[in-house]
Amino acid sequence: MKILVFGASGLLGRHLVPELLAHGHRVGAPTHAEADITDGARMDELFSEPTDAVVNCAAIVNLDACENDPEGTGRVNRDAPLDLARRCHSAGAFFVQFSSDYIFRGDARRLHSEGDAAGPLSAYGRQKLALEKEIPGLCPRSLVLRLSWLYGRGGRTFMSYIPQILAEKPVLQIAAGKTGNCLWAQDAARWVGLLLEKGGTGPFNLANAGETSWEEFARGCLEQMRAAGIRTRCGEILETPYLELGTHGAKRPKHSALDLAKICKALPPGPRPWREALKDYLAELKSSSVLPAA
Ligand SMILES: NC(=O)c1ccc[n+]([C@@H]2O[C@H](COP(=O)([O-])OP(=O)(O)OC[C@H]3O[C@@H](n4cnc5c(N)ncnc54)[C@H](OP(=O)(O)O)[C@@H]3O)[C@@H](O)[C@H]2O)c1
C-alpha cells in the first residue's frame, strides 16, 4: 500500500513509519514543518498524488493548551482531521484517525466499550469526540482508534519519562487513584499496521491489556528495572490523592479503562498485557543506553 502519515515525527508517528516500511508499504512521512494539516493548499498538493491510505498522527496533545485555546487547537485537533476525512473519501483513500479515553467522564470504575456514552471533561476530549461522531459519515472507509496513556522512547508524556525519573531521582511523586490502560507506542504501531492490512472500519479501543493506574505502572517499572539490572535511584514512590489533579487546568477522567473485546475478536488474541510491553520498553531504553546498567 502507499500510505501517507501526518505527524510523522511525534511519538506515535516515529514508531509507526518504520513499522509500515518493515511491512513493505511505501510511506510518505512529512513532518509538521513539511506538511501542516491545517494548510489547505499543502493538502491539495499532497492529495493530488494517488494514495491508498492516510494515517493522521498529527495533533496537539497538551490538554492545557487545548483548554486555553479551544478555537486555535480545534483547527488542528478537529477541523483538519475532518477535512482529511473528506479528502480521503473523495480520493478513495482509507483514513485512520486517533481518539482518546479522555472522551469519557470517568466517574465510575468500569470498562468503557466503543459504543458507551461519552462525557468529555476537557476541550481536548470534546475535540476527539467530534471526530468519533463525524468521521464515519464523512469517510466510511475509516478507522477511529481510541488510544490511552501512550508512552515510548522520546515521548513527551509522563509515562514515557517514569523510567528515567526512577533511574535518577530518590523519590517519585505520583497522583494515585486514576485508573485506565497504557499503550506502548511500538505496540500501537503494530496494531495500526494490522488493522490497516485487515481493512477493518469504525471505532476501536486500542491499548495494552489489563487495567492499571499511574502508581501501579510506576511500581511495575521499578520492579522490572531492578530485575533487568537497570540502575534505580528511587527508594520511594510517594502517592498523592488523584483528586488534587484537575483542580487547575484541564480535567482528566478519573476512571477510563477501555474494553478491548472488539479488537480481541477482530484480531485474536488481541493486544498483549501491559507488563509484557513495559518489559520490552525498558529493554529498549537499556540497550540504547537511555537507562544505565546497575
Ligand atoms: N500521547 C497520549 O497519551 C495519547 C493518548 C491518547 C490518544 N493520543 C492520540 O494519538 C495521536 C498521536 O499522539 P502522539 O502522542 O504521537 O502526539 P505527539 O507526540 O505530540 O505528536 C504529534 C505530532 O503532531 C505534530 N503536529 C502538531 N500540529 C500539527 C499540524 N498542524 N500539522 C502537522 N503536524 C502537526 C507535532 O509536531 P510538532 O511537535 O512539531 O508541533 C508532532 O510531531 C494523537 O491523535 C493523540 O491525540 C495520544
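My aim in this report is to walk through the structure given alongside it, one point at a time. (Residues numbered from 1 in each chain as written. Predicted model: local features only at pLDDT ≥ 70, side-chain atom pairs only at ≥ 80, totals over all residues. Heavy atoms only, no water.)

### Some words on the overall build of the protein chain
In step 1: The helix and strand inventory of the protein chain stands at ten helices and twelve strands.
In step 2: The C-alpha radius of gyration of the protein chain comes to 19 Å, within 12% of the 19 Å expected for a compact globule of 294 residues.
In step 3: Along the first, second and third principal axes, the C-alpha set of the protein chain runs to 55 × 40 × 40 Å.
In step 4: Split into buried and exposed, the 294 residues of the protein chain put 51% on the buried side.
In step 5: A fraction of 81% describes how many contacts in the protein chain between residues 6 or more apart in sequence connect residues 24 or more apart.
In step 6: For the protein chain, the accessible surface area stands at approximately 12,800 Å², while carbon and sulfur atoms represent 52% of it.
In step 7: Put simply, the protein chain has 35 plus and 34 minus side-chain charges, and the middle of one group is 3 Å from the middle of the other. (Helix = DSSP H or I, 4+ residues; strand = E, 2+ residues; numbered from the N terminus. Rg over C-alpha atoms; globule rule 2.2 N^0.38 Å. Buried < 20%, exposed > 50% of the residue type's maximum accessible area, 1.4 Å probe, protein only. Contact = heavy atoms within 4.5 Å. Areas by Shrake-Rupley, 256 points an atom, 1.4 Å probe, with all protein chains shown as cover. Lys, Arg positive; Asp, Glu negative; His and termini not counted. Charge placed at Lys NZ, Arg CZ, Asp CG, Glu CD.)

### Quick look at the sheet that holds strand β3 (residues 53–56)
In step 1: Spatial strand order, β2-β1-β3-β4-β5-β10: six strands in an open sheet with parallel pairing. The sheet is open, and its two edges are formed by β2 (26–28) and β10 (202–205), each paired on a single side. Neighbour-to-neighbour, the strand axes of this sheet turn through a mean angle of 20 degrees, independent of strand direction.
In step 2: Bridge analysis of strand β4 (residues 94–100) against strand β5 (residues 142–147) gives six bridges, and the strand direction is parallel. Within β5, the position partnered with F98 by the bridge is L145.
In step 3: Its contacts with the sheet place helix α1 (residues 11–22) against β1 (2–6), β2, β3, β4 and β5, and it is angled at close to 170 degrees to β1.
In step 4: On the sheet, helix α5 (residues 123–138) packs against β4 and β5 and is oriented at approximately 150 degrees with respect to β4. (Pairing = 2+ DSSP bridges. Axes fitted to C-alpha atoms, helices over the stretch in contact; angles between N-to-C directions.)

### Side note on the nonpolar core
In step 1: V5, V55, F98 and L145 are the most contacted members of the largest nonpolar core, which has 36 residues in total.
In step 2: Sorting the residues of this core by element identifies β1, α1, β3, β4, β5 and α7 (185–198) as the ones contributing at least two each.
In step 3: At seven residues, the largest contribution of residues to this core is made by α7.
In step 4: Counting 34 residues, the second-largest nonpolar core is a separate cluster that includes L63, Y124, L172 and L282. (Core = buried A, V, L, I, M, F, W, Y, C linked by side-chain atoms within 4.5 Å.)

### Concerning unusual backbone geometry
In step 1: For the bond running from P268 to P269, omega is 5 degrees, close enough to zero to count as cis.
In step 2: Inspection of the secondary structure assignment puts P269 in the loop between α9 (261–266) and α10 (274–287).

### Some remarks on the environment of I103
In step 1: Relative to the assigned elements, I103 resides in the loop between β4 and α5.
In step 2: Between the C-alpha atoms of I103 and Q127, which are 24 residues apart in sequence, the distance is 8.6 Å.
In step 3: Apart from the residues within four sequence positions on either side, I103 is in contact with A118, G119, P120, G125, K128, L129, E132 and R146.

### Here we look at the packing of helix α2 (residues 40–47) against helix α4 (residues 70–91)
Think of two packed helices as two axes; the pair is described by the angle between the axes and how far apart they sit.
In step 1: Put simply, α2 and α4 touch, their axes get as near as 12 Å, and they point 25 degrees apart. One element, α2, and the other, α4, form an angle in the roughly parallel class. Here α2 and α4 pass one another in a crossing that is right-handed. Residue-level contacts link G40, M43, D44 and F47 of α2 to L84, R87, C88 and A91 of α4.
In step 2: Its residues placed into classes, the contact of α2 with α4 shows five nonpolar, one polar and two charged. (Parallel < 35°, antiparallel > 145°, perpendicular 65-115°, else oblique. Left-handed = near helix turned anticlockwise from the far one by under 90°. Nonpolar A, V, L, I, M, F, W, Y, C, P; charged D, E, K, R; others polar.)

### Side note on the site of the ligand
In step 1: Taken together, 24 residues are adjacent to the ligand, and L11, L12, H32, Y124 and K128 come closest.
In step 2: In this structure, D36 approaches the ligand through a side-chain N or O atom, which is 2.9 Å from a nitrogen atom.
In step 3: The side chain of Y124 places a nitrogen or oxygen atom 2.6 Å from an oxygen atom of the ligand.
In step 4: Taking 900 Å² as the accessible area of the ligand by itself, protein coverage stands at 86%.
In step 5: Broken down by secondary-structure element, the contributors of at least two residues to the shell around the ligand are α1, β4 and α5.
In step 6: Take the shell around the ligand: its biggest share by element is three residues, from β4.
In step 7: Across the shell around the ligand, the residue classes break down as 14 nonpolar, seven polar and three charged. (Near = heavy atom within 4 Å. Polar contact = N/O pair within 3.5 Å; in protein donor to acceptor, adjacent residues only side chain to side chain.)

### Details of the packing of aromatic side chains
To describe a pair of aromatic rings, one takes the distance between the centres and the angle between the planes.
In step 1: Tallied over the full model, the rule gives seven aromatic pairs.
In step 2: Judged by centre distance (5.8 Å) and plane angle (65 degrees), the ring pair of F158 and W214 falls under edge-to-face. Taken together, the residues F158 in helix α6 (residues 158–168) and W214 in helix α8 (residues 214–227) connect sequence positions 56 residues apart.
In step 3: Here a set of aromatic residues connected by ring pairs shows up, and it is made of Y151, W184, F217, W274 and Y281.
In step 4: The positively charged end of K262 is found above the aromatic ring belonging to F204, 4.2 Å away from the centroid. (Phe/Tyr/Trp six-rings, centres within 6.5 Å; stacked < 30°, edge-to-face > 60°. Lys NZ or Arg CZ within 6 Å of the ring centre and 35° of its normal.)

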